[in-house]
Amino acid sequence: MKIITGLLIVLGAIIGVLAVLLLVALIKTLLTPGKVSDYKAPGADERALRYAGILSEMVQYDTTSHDGVHDVERFEGFHKVLERLFPLVHSSLEKTDIDGNLLFYWKGQSSERPLVLMSHQDVVPAEGEWIHEPFSGDIADGKVWGRGASDTKCSVFGFFQAAEELLSEGYTPPMDVYLSSSCTEEWAGDGCPKLVEEMKRRGVTPYLVCDEGGGIITEPVGDIPGNFAMVGVFEKGKADIKLTARSNGGHASAPKAGSPIARLAAFVNEIETKKPFKRKMPPEVQAMFEKLAPYASFPIKLVFSNIWLFRPILLKVLPSISAQAGAMIQTTIAFTMQKGSDAYNVLPQEATLGANMRFIPHQGMEESLDIVRKIAGKHDLELDIIRASDYSESADINGEGFRFFERIIKETFGDLPVSPYVMTGATDAKCYQEICDCVLRFAPVIYGPEQMAGMHGLNENIEYNCLPGCVDFYRNLITKMG
């Protein structure tokens, strides 16, 4: 009886503590003023339409790149388009062309804190049936249509146009400025590494690098409406791996247990059901939730404002609520390719499975690959790493560079909320981490649901009323770096 009484006392105490903690969280949430993100790009005017025409010409030139193919001639043709559209950039700045990858040097009043503005020239293949032909560059319904309009010729246009306008005004920037653009980004080729090697050869250590990756995202997390400046501060590592199962083959009329495809299926099932990767919330992700909390409905606001209390629940449910948010707290593996026998009635002597992995800092490349390797071994599978690279270091979200960047966003876009963001994809920006401590990923254009769906998909487009803001953002970065 005494034991039962003691247990009831302990249980009551636990419930009491939980009630107090929940009350504290509730009071904190109620005392946090709710906010609304009502930023919208101004209506399209003559300037926006003129910019749309320039971007349209860039989109019309097909700069499709393919894995492992160095099509320098294609990009040299695109460079002629850029030279025609931005003549002062080409006549006034020092141009370096390395196998189609571009680096422009704009000498400033000082070389102490160089600025790098970058984005890529190449685009992914355009397949399927489009509303507007993928390289038409059509200007219709308030948008520029075509492959590369949003990923990412819009940002290449933005910083080239900003430089062109400033040069026309006879402007000299306070710090050295570099315009960097590779032609192999879409297949993680050697273009940007070559540009970085050139920077190293010159002894340049950038103070700030701004690439694509984040952007002005509409509803970045479910149930948080409005536009938000999501600034990527690091990106996950990645690997392409191949798993192979072997056997003696045979006729499908007399199958033996443990066939290659069955073993691959068992491996996939174990990964999918047992979830072998640790979930942990990086400080950058916590900062993102806390920044977004005031803009959320009350239940979400309660949770995001009190990570200290709800962290265990969030870690458990996030992947099922949002695949994007879930990918920010753990290593992921996606099964993408499979091959077995060429006939329905033949057991394969060899079956293969392809997968793409993305590594999170708390469980990086080596540890994550080792976990997969051990599970593969249980199912008698061979693992080959096709290519792999680890996660990048994060920019300091409390540091001077990030705060400066945040201020430029505010000065350009007014009350647009700013939040750090974890890149679950990959960009060329990681190459610059070797020589720069503050590498940020932000394309200053609006990506609504339609634009997000169009990147690497059908009917890619960008609303051209956001192009003036894009140019103004780069102008402000250049002119206020001193």
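This structure is a prediction, so every number in the text was calculated from the model and none was measured.

Parameters at a glance
Residues numbered from 1 in each chain as written. Predicted model: local features only at pLDDT ≥ 70, side-chain atom pairs only at ≥ 80, totals over all residues. Heavy atoms only, no water. Helix = DSSP H or I, 4+ residues; strand = E, 2+ residues; numbered from the N terminus. Rg over C-alpha atoms; globule rule 2.2 N^0.38 Å. Buried < 20%, exposed > 50% of the residue type's maximum accessible area, 1.4 Å probe, protein only. Areas by Shrake-Rupley, 256 points an atom, 1.4 Å probe, with all protein chains shown as cover. Lys, Arg positive; Asp, Glu negative; His and termini not counted. Charge placed at Lys NZ, Arg CZ, Asp CG, Glu CD. Disulfide = S-S within 2.5 Å. Pairing = 2+ DSSP bridges. Phe/Tyr/Trp six-rings, centres within 6.5 Å; stacked < 30°, edge-to-face > 60°. Contact = heavy atoms within 4.5 Å. Axes fitted to C-alpha atoms, helices over the stretch in contact; angles between N-to-C directions.

K.L.:
Could you give an account of the overall build of the protein, naming the residues involved and the relevant values?
P.N.:
Within the protein, the regular secondary structure consists of 16 helices and 17 strands. Computed over the C-alpha atoms, the radius of gyration of the protein is 25 Å, within 12% of the 23 Å expected from 2.2 N^0.38 for a compact globule of 482 residues. In terms of its C-alpha atoms, the protein occupies a principal-axis envelope of roughly 85 × 65 × 45 Å. Here the protein holds 482 residues, and 53% of them are scored as buried. With an accessible surface of roughly 21,400 Å², the protein has 56% of that area assigned to carbon and sulfur atoms. Both charge centroids of the protein, one from 47 positive and one from 62 negative side chains, sit 8 Å from each other.

K.L.:
Please provide a residue-by-residue account of the state of the cysteines, values included.
P.N.:
Inspection of every chain in the model, using the stated rule, returns zero disulfides. Unpaired in terms of disulfides, Cys 183 finds its nearest cysteine sulfur in Cys 192, a separation of 11 Å. Taking the relative accessible area as the measure of exposure, Cys 183 reaches 5% and is therefore buried.

K.L.:
Can you tell me about the pairing of strand β9 (residues 237-246), naming the residues and giving the values?
P.N.:
Across ten bridges, β9 lies against strand β13 (residues 350-359) in antiparallel orientation. The partner of Gly 237 across the bridge, within β13, is Phe 359. As judged from the seven bridges shared by β9 and strand β14 (residues 382-389), these two strands associate in the antiparallel manner. The residue of β14 that forms the bridge with Lys 238 is Ser 389.

K.L.:
Account for the packing of aromatic side chains, with residues named and values stated.
P.N.:
Inspection of the entire model under this criterion finds 16 aromatic pairs. Their ring planes at 40 degrees and their centres at 5.8 Å tell us that Tyr 61 and Phe 78 sit as a pair that is tilted. One end of the pair, Tyr 61, is in the loop between α2 (46-60) and α3 (72-85); the other, Phe 78, is in helix α3, and 17 residues separate them in sequence. On the basis of relative accessibility, which here comes to 25%, the residue Tyr 61 falls in the partly exposed class. For the pair Phe 159 and Tyr 474, a centre-to-centre distance of 5.6 Å together with 90 degrees between the ring planes defines the contact as edge-to-face. Residue Phe 159 is found in helix α5 (residues 153-168), and its partner Tyr 474 is found in helix α16 (residues 467-479); the two are separated by 315 residues along the sequence. In terms of burial, Phe 159 and Tyr 474 fall into one category: buried. Grouped by ring-pair contacts, the aromatic residues Tyr 39, Phe 86, Phe 104, Phe 159, Phe 160, Phe 405, Phe 413, Phe 442, Phe 473 and Tyr 474 constitute a single cluster.

K.L.:
Account for the sheet that holds strand β4 (residues 139-140), with residues named and values stated.
P.N.:
Taken together, three strands build an open sheet; the order of strands is β4-β5-β17 and the sheet is antiparallel. Across the chains shown, the open sheet's two edge strands, defined by having one partner strand only, are β4 and β17 (461-463). Strand contacts of α2: β4, β5 (143-145) and β17, with the helix running at about 10 degrees to β5, the strand carrying the most contacts.

K.L.:
Got a sec to walk through unusual backbone geometry? Specific residues and values, please.
P.N.:
The omega angle of the peptide bond from Asp 151 to Thr 152 is -15 degrees, so this bond is cis rather than trans. Tracing the chain through its elements places Thr 152 in the loop between β5 and α5. A positive phi angle, near 50 degrees, is found at Glu 219, a position not held by glycine. Mapped onto the secondary structure, Glu 219 falls in the loop between β7 (208-218) and β8 (227-235). Although it is not a glycine, Asn 459 adopts a positive phi angle of roughly 60 degrees. Of note, Asn 459 is situated in the loop between α15 (449-454) and β17.

The values reported here are purely geometric and, on their own, carry no functional implication.
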